[in-house]
2 protein chains.
Amino acid sequence: MFTLLGMTSTDAATKADVAARPKRGGGRDRRGELIAIASELFAERGFLATTIRDIADAAGIQSGSLYHHFTSKESMVEELLADYWTTLLQRYREVVDSEPDATKATRGLVRASVLLLDECALALRVMLNDWTYLSETFPFMEESLAECQAIWLDVIERGVAEGSLSSEVDATICYRTVMASVSGTARWFRPEGKVSVEALADDMANIFMSGFAARS
Amino acid sequence: MFTLLGMTSTDAATKADVAARPKRGGGRDRRGELIAIASELFAERGFLATTIRDIADAAGIQSGSLYHHFTSKESMVEELLADYWTTLLQRYREVVDSEPDATKATRGLVRASVLLLDECALALRVMLNDWTYLSETFPFMEESLAECQAIWLDVIERGVAEGSLSSEVDATICYRTVMASVSGTARWFRPEGKVSVEALADDMANIFMSGFAARS
DNA sequence: GCGTTAACCTAGCAAGTGATAGGTTGGTTT
DNA sequence: AAACCAACCTATCACTTGCTAGGTTAACGC
């Protein structure tokens, strides 16, 4: 430990840094701020490739200080993912409960997925990149996915039964195709970009309902 | 280092292990074997989450021994990914060069993608899970993806021009939707599973061309 | 002023990480 | 028999990882 003008480096750092430190009462939900900062990094580099030192640097604090707010690196991402799934499933239920027509319900599910992509782009990008690890770490992810699949299959099979959806393609393959497209969209879609969610939702719903062959 | 019956532990380990070691001339392409073993782990747990000690354990050798065959962990996955992209692009070119009809060419591209999914399931699963890291590490991945996109957009726009594909949805969104579905399929598709590639290729081509609304 | 508390710092640990250097083995070639 | 070589081992390095213990600072309530 070197000394500077009779101060130890510890003292010097403390004096200087504390002055530049933002006031305590300022932005109130510090924990939320840190989650936002961390999520950005997770989405950009991947969860596993992001270290807590990266997060601390981005937040302008020391790595150890993060553990005042969180118990582990995993807990920094858990809320983000849990939020996504509860919201998605809640909106799915609203759609299927309020829409008896299977065709419209299918469009509604696509639409709900895409609109949520807009709100939770970070969460989807994080999951997209580290699904294997994250789904092993957080059991609720597999559980939520299972419920998601159940809702979709129910709607599709209802549509096939009432004759509005084609019985020629396998329901499970339909479901997986849609889900893959929607979540895969997270890789390029940016909420602030030039493609609007509304247009995207309509386009994707159209593709799945009618395909992209020209109507004859 | 403890001793046992006058032997050092080093000697003991050597004597025993060498006896159990497979003969040298046996399976000739050892490097290829190791790539296969590593790929399996990469696909299962993710590239970043797999350590070279995991790979060595699975291969029944010591971690240091891997560096007799490879210069780095990255080089263990590079061939796998490069193979995928060269094959995909080559087959894409065969399709667009030999098929003047845009509708059939589109089906051909979907089909080629799905069939390759069958052959290169591991490569796709690896990319799907660690795309962010891998595409930063291997520049050829972004380059190949760009060429892939160019081929797709060309075919789609040709189809729109000749009136066989709908002009109502954005070409780029079409492309991204298809690609996301196909590569996302790698998450659940298993070559040895009960869904045949042929059926899958047909189903997916049908979904994209005609959608899953019942034909009226 | 005094105690409390949230937010942060410093310093470092234990466990792993990818990678390396040099030695050993046994089959193949000459 | 001698030389060669691929395949592997042992032991270890330098570094990074997530995480922790204990201390410091400043705002707030009484």
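Source: prediction; values computed, not measured.

K.L.:
I'd love a proper account of the relation of the copies chain A and chain B, names of residues and values included.
P.N.:
When chain A is fitted onto chain B, the two copies agree to an RMSD of 0.0 Å after a turn of 180° and an axial shift of 0.0 Å. The superposition of one copy onto the other is thereby described by a two-fold rotation axis. For chain A, the residue whose C-alpha comes nearest the rotation axis is Gly211 of chain A, separated from it by 2.0 Å. In this assembly, 100% of the residues forming the interface of chain A have copies in chain B that are likewise at the interface, indicating an isologous arrangement.

K.L.:
Talk me through a negative patch on the surface; I want residue IDs and the actual numbers.
P.N.:
Taken together, the side chains of Glu40, Glu44 and Glu192 of chain A together with Glu136, Glu142 and Glu143 of chain B present a region of like negative charge at the surface. For the negative patch, the elements supplying multiple residues, two or more each, are helix 2 (30-45) of chain A together with helix 7 (139-161) of chain B. Examined against the element boundaries, Glu143 of chain B turns out to sit in helix 7.

K.L.:
Lay out the environment of Glu119 of chain B in plain terms, naming residues and giving numbers.
P.N.:
Residues and elements named next belong to chain B. Examined against the element boundaries, Glu119 turns out to sit in helix 5 (residues 102-119). When the C-alpha atoms of Glu119 and Val197 are compared, they prove to be 9.9 Å apart, with 78 residues separating the residues in sequence. Here the side chain of Glu119 touches Arg91 through a polar contact of 2.9 Å, side chain to side chain.

K.L.:
Please set out the interface of chain A and chain B residue by residue, giving values where relevant.
P.N.:
Each partner contributes residues to the interface: chain A has 41 residues there, and chain B has 41 residues. Carbon and sulfur atoms make up 64% of the area that chain A and chain B hide from each other, which totals about 3,700 Å². The tally of links between chain A and chain B comes to zero salt bridges. Between chain A and chain B we count 17 residue pairs in polar contact (both at pLDDT 80 or more) in total. Elements represented by at least two residues in the side of chain A that touches chain B include exactly helix 2, helix 6 (121-137), helix 8 (171-184) and helix 9 (197-210) of chain A. The residue makeup of the side of chain A that touches chain B, split by class, is 20 nonpolar, twelve polar and nine charged.

K.L.:
Residues and numbers for helix 2 (residues 30-45) of chain B, please.
P.N.:
Residues and elements named next belong to chain B. Spanning 16 residues, helix 2 covers 23 Å between terminal C-alpha atoms, matching the ideal 22 Å at 1.5 Å per step. Those residues of helix 2 that fall on the buried side of the exposure criterion are Leu34, Ile35, Ala38, Ser39, Leu41, Phe42 and Ala43. Considering only its buried residues, helix 2 is in contact with helix 3 (52-59), helix 4 (73-98) and helix 6 (121-137). Looking one or two residues past helix 2, Gly46 carries a phi angle of roughly 100°, positive in sign.

K.L.:
Explain the packing of helix 2 of chain A against helix 6 of chain A to me, and be specific about the residues and the numbers.
P.N.:
Residues and elements named next belong to chain A. Across the interface, helix 2 lies against helix 6 with an axial gap of 8 Å and an inter-helix angle of 45°. Overall, the two elements helix 2 and helix 6 adopt an arrangement that is oblique. For the pair helix 2 and helix 6, the sense of crossing is left-handed. Where helix 2 approaches helix 6, its residues Ser39, Glu40, Phe42, Ala43 and Glu44 are matched on the opposing element by Leu122, Arg125 and Val126. The residue inventory of the contact of helix 2 with helix 6, partitioned by class, reads four nonpolar, one polar and three charged.

Thresholds applied
Residues numbered from 1 in each chain as written. Chains lettered and ligands numbered in written order. Predicted model: local features only at pLDDT ≥ 70, side-chain atom pairs only at ≥ 80, totals over all residues. Heavy atoms only, no water. Least-squares fit on C-alpha atoms with pLDDT ≥ 70 in both. Contact = heavy atoms within 4.5 Å. Patch = residues over 30% accessible without salt bridge, like charges linked within 9 Å, V, L, I, M, F, W, Y side chains within 5 Å. Areas by Shrake-Rupley, 256 points an atom, 1.4 Å probe, with all protein chains shown as cover. Salt bridge = Lys/Arg side-chain N within 4 Å of Asp/Glu carboxyl O. Lys, Arg positive; Asp, Glu negative; His and termini not counted. Charge placed at Lys NZ, Arg CZ, Asp CG, Glu CD. Helix = DSSP H or I, 4+ residues; strand = E, 2+ residues; numbered from the N terminus. Polar contact = N/O pair within 3.5 Å; in protein donor to acceptor, adjacent residues only side chain to side chain. Buried area = accessible area lost by both parts, 1.4 Å probe. Nonpolar A, V, L, I, M, F, W, Y, C, P; charged D, E, K, R; others polar. Expected span 1.5 Å × (residues − 1). Buried < 20%, exposed > 50% of the residue type's maximum accessible area, 1.4 Å probe, protein only. Axes fitted to C-alpha atoms, helices over the stretch in contact; angles between N-to-C directions. Parallel < 35°, antiparallel > 145°, perpendicular 65-115°, else oblique. Left-handed = near helix turned anticlockwise from the far one by under 90°.

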